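Now for the letters of each chain:
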Amino acid sequence: MRDVRSVAPATTAPAETNLGATLVPVKLKPHLPLLVCILTIMAPSRGRTAPASDRPNVIVILADDLGYGDLGCYGAKAIKTPQIDQLAAQGLRFTQAYAPASTCMPSRYSFLTGDYAWRQPPRKTSILDGDAPLSIDPGSTTLPALFQRAGYATGLVGKWHLGLGDGQTPVDWNGKVSPGPLEIGLDHAFYFPATLDRVPCVFVQDHNVVGLDPGDPISVSYLHPFPGGAIGTEHPHWLKMGADRQHSESIINGISRIGYMSGGHAARWVDEAMADTLLAQATHFIEQNRDHPFFLYYAAHEPHVPRVPGPRFRGDTDLGPRGDSIAEFDWVVGRILHTLDRLDLTKNTLVILSSDNGPILFDGYYDGAQEKNGSHEPAGGLRGWKYLIYEGGMRVPFIARWPGHIRPGESSGMICLTDLLATAADLTGQPLPPDAGIDSIDALPLLLSQPSAKARTNLVEQGISGAIALREGDWKYVPANVATQASGMGSGANPNDARFRDSIIPKTLLFNLVDDPTESHNVAADHPDKVAELARELAAIQKETRR
Ligand code: NG6
Ligand code: CA
């Protein structure tokens, strides 16, 4: 059987070299037991690329539903993203970077574990409600856990959406919210539990809801409304923004959400202040760890629905709230980079910016995204969008900057968010346990443009409705899925919704992405041998359990 994790030389075209650099206080970094540090230093450094003395801080900024064409440096004209464009000019910009799935849950699961989410039962990794149990096993080798083992302080700020609690007992929103981020390798976490459009609409810091009044306890249900609770369907005149049926349950901050929530009024977030709140937490974390290696996972909320950018960003673009929230995201990125400059950390910090899945215009709220989109191409002209198996669902922006180490330019090397686990292992000089990160390939040589650098040659992608695809070299193979109706887009969604219809793949698809980058011509009938070969290869990858 051929090596399904095989790699090929990357085509990296470096441009000119440019080597450079309030709120609720978070607890400070804990110091790992000395023994762990000593063991880490002594651990064999199989395949290490970076010398230990160069171990940088690492910040991964992951946008939510940002498309391949949404940034200036990826061709957007209608949205100005000067801060991110500058990051791209100082770093390496990838043109074939992939989120492993076209929705958040499986994508983030894979990003943190290095395993494709479709290896798990769907109940663990389909779009989960805000009261679903933790989908990653506590204590397993995750991206933050790897950094933690290397002595880094690790932090999460922003979206979680990987479940909370053990699934045995309901999550105790009024007590200790656990297990969660802290049990999978994060020292500090300031996060919202699921999505912006799902209850509970509160922040959790480490193990506790922030600002909770014990006299006003929180209850959450995805099944039943609470007596007297304000519901979008009953009080549409109370809403700032119209919504479809699925998004018309509890009203929080004048916006109806998916699911029902009562209590916790003092703790409820204000959407308009979300960017400032998260940015303050990220800034605080960086400041607190300025003298200590750190890993920060900044899980931005933009431009996911409901899109409610802060007032000073309204009207920044002609595209309405979606464009304006991308402008807000760009500003946030600029502030994070400014903090690095201010603390003299730029030179020693690897910054990676990407997105969890492709873009979508209408996603439940009537915010004008479709009507005001004009000629903007959120997916950069690729076919499809969030939820779907086509390139627009998963090809994402990916920028990496590490002054003096990463040569600025553009790379067409294939890279996947799953690869960050093995990359982090290499960066921190740790062997990856054999059962961890099955689908993770060390991309550090690629990032560092080393002559021996190899990029992955294949990748398995996941859409909703059980759709799966193998990208192998220039080819993309999509077997017909068994679904007859769209499925897997979260509770309450209407499977007949036109947005999801394209998730049904009635017959095998084969595209040559070089000849046909927009996946417009199914050539499966012309290449039966290729179809058979790719079907065998996909089956082999699906059977893999260990590296
Ligand atoms: C869907 C929601 C959508 C979004 C998505 C998750 C519909 C009709 N509704 O169920 O609004 O919340 O879940 O988005 O699709 S994600 O980026 O976290 O995957
Ligand atoms: Ca998303």
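Thresholds, definitions, all that
Residues numbered from 1 in each chain as written. Chains lettered and ligands numbered in written order. Predicted model: local features only at pLDDT ≥ 70, side-chain atom pairs only at ≥ 80, totals over all residues. Heavy atoms only, no water. Helix = DSSP H or I, 4+ residues; strand = E, 2+ residues; numbered from the N terminus. Buried < 20%, exposed > 50% of the residue type's maximum accessible area, 1.4 Å probe, protein only. Areas by Shrake-Rupley, 256 points an atom, 1.4 Å probe, with all protein chains shown as cover. Expected span 1.5 Å × (residues − 1). Contact = heavy atoms within 4.5 Å. Donors = N, O, S within 2.8 Å, 3.2 Å for Na, K, Ca; no water. Tetrahedral: all angles 85-135°; square planar, octahedral: opposite > 155°, others 65-115°. Core = buried A, V, L, I, M, F, W, Y, C linked by side-chain atoms within 4.5 Å. Phe/Tyr/Trp six-rings, centres within 6.5 Å; stacked < 30°, edge-to-face > 60°. Lys NZ or Arg CZ within 6 Å of the ring centre and 35° of its normal. 1 Å grid on protein atoms, 1.4 Å probe; cavity = no way out; pocket = protein on both sides within 12 Å on 5 of 7 lines; lining within 4 Å. Points joined across faces, edges and corners; volume = space filled by probe spheres on them. Nonpolar A, V, L, I, M, F, W, Y, C, P; charged D, E, K, R; others polar.

1. Observations concerning the overall build of the protein
Per the secondary structure count, the protein includes 12 helices and 24 strands. For the protein, buried positions account for 63% of its 547 residues. Total accessible area on the protein stands at roughly 20,200 Å², and carbon and sulfur atoms take up 53% of it.

2. Examining helix α12 (residues 528-543)
Counted at 1.5 Å a residue, the expected span for α12 with its 16 residues is 22 Å, and the 23 Å between its end C-alpha atoms agrees. Within α12, burial applies to K530, V531, L534, E537, L538, A540 and I541. Elements in contact with the buried residues of α12: β21 (458-462), β22 (468-472), β23 (475-478) and β24 (509-512).

3. Notes on the coordination of the calcium ion (ligand 2)
Summarising the metal site, the calcium ion (ligand 2) is bound by the protein donors D64 (OD), D65 (OD), D356 (OD), D356 (OD) and N357 (OD1), whose distances to it range over 2.2 to 2.7 Å. Considering all 6 donor atoms around the calcium ion (ligand 2), the spread of angles at the metal, 51 to 175°, places the coordination shape in the irregular class. Binding-site remark: the calcium ion (ligand 2) is held by donors from one chain whose sequence spacing is D-D-x290-D-N. You'll find D64 and D65 in the same group, each marked buried.

4. Some details on the environment of E328
Residue placement: E328 occurs in helix α7 (residues 321-342). Taking the C-alpha atoms as reference points, E328 and G310, separated by 18 residues in sequence, lie 7.6 Å from one another. What E328 contacts, discounting residues up to four positions off in sequence, is A275, H301, E302, P309, G310 and F313.

5. Quick look at the nonpolar core
Of all hydrophobic cores here, the largest spans 116 residues; its most connected members are W160, Y298 and F398. Ignoring anything within four residues of it in the chain, the contact list for F398 reads Y74, L92, R93, F94, A97, I352, L353, S354, I415, L417, L420 and L447. Within the second largest apolar cluster, 37 residues are counted, among which are W118, L470, F500 and F511.

6. Focus: the packing of aromatic side chains
Any aromatic ring pair is given by two values, namely how distant the centres are and how the planes are angled relative to each other. Considering all chains together, one arrives at 15 aromatic pairs under this definition. Consider the rings of F147 and Y152, whose centres lie 4.9 Å apart with planes at 50°: the pair is tilted. The same class applies to F147 and to Y152, which are both buried. Connected via pairs of aromatic rings, a cluster forms that spans F190, F192, F203 and W269. Sitting above the plane of the Y74 ring, R93 keeps its charged end 4.6 Å from the centroid.

7. Some remarks on empty space enclosed by the protein
The calculated volume of the largest cavity comes to roughly 170 Å³. Counting residues per element, the ones that place at least two in the lining of the largest cavity are α3 (104-113) and α11 (498-501). Split into classes, the residues belonging to the lining of the largest cavity amount to 8 nonpolar, 7 polar and 8 charged.

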